[in-house]
Amino acid sequence: MLKIEVKPGESIERALKRYKRKYRNTKRLDQIRSRQEYTKKSVERRKTLKKAQYKEQFLKEQEDQ
């Protein structure tokens, strides 16, 4: 369970924004969406390979700079 304490002088909107950011970083919403429907293992494997290729290319570009 996420807990957000409102700091003195902080607006509720700002605290709500911190809560939403913290919730998004837990990736809970991604888990819920992935469980809504079955994905084949081959599709999952393709997705992870594509992500790894992107990450490798990104790191290589960062290294070149």
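Parameters at a glance
- Residues numbered from 1 in each chain as written.
- Predicted model: local features only at pLDDT ≥ 70, side-chain atom pairs only at ≥ 80, totals over all residues.
- Heavy atoms only, no water.
- Helix = DSSP H or I, 4+ residues; strand = E, 2+ residues; numbered from the N terminus.
- Rg over C-alpha atoms; globule rule 2.2 N^0.38 Å.
- Areas by Shrake-Rupley, 256 points an atom, 1.4 Å probe, with all protein chains shown as cover.
- Lys, Arg positive; Asp, Glu negative; His and termini not counted.
- Charge placed at Lys NZ, Arg CZ, Asp CG, Glu CD.
- Contact = heavy atoms within 4.5 Å.

## Let's talk about the overall build of the protein chain
Consideration 1: For the protein chain, the helix and strand inventory stands at three helices and zero strands.
Consideration 2: Counted from the first residue to the last, the protein chain has its helices and strands arranged as α-α-α.
Consideration 3: Taking 2.2 N^0.38 as the reference for a compact globule, 65 residues should give roughly 11 Å; the C-alpha atoms of the protein chain span a radius of gyration of 18 Å, well beyond that estimate.
Consideration 4: Its C-alpha atoms put the protein chain at 50 × 40 × 15 Å along the principal axes.
Consideration 5: A total accessible area of about 7,100 Å² is found for the protein chain, and carbon and sulfur atoms account for 52% of it.
Consideration 6: When the 22 positive and 10 negative side-chain charges of the protein chain are each reduced to one mean point, those points stand 6 Å apart.

## A word on unusual backbone geometry
Consideration 1: The backbone of Lys27 sits at a positive phi, close to 60°, despite the residue not being glycine.
Consideration 2: Structurally, Lys27 can be placed in the loop between helix H1 (12–25) and helix H2 (28–35).

## Some points on the environment of Tyr23
Consideration 1: When you line up the elements, Tyr23 lands in helix H1.
Consideration 2: Considering only alpha carbons, one finds Tyr23 and Lys3, 20 residues apart in sequence, at a separation of 10 Å.
Consideration 3: In this structure, Tyr23 is in contact with Leu2, Arg28, Leu29 and Ile32, ignoring residues within four places of it in sequence.

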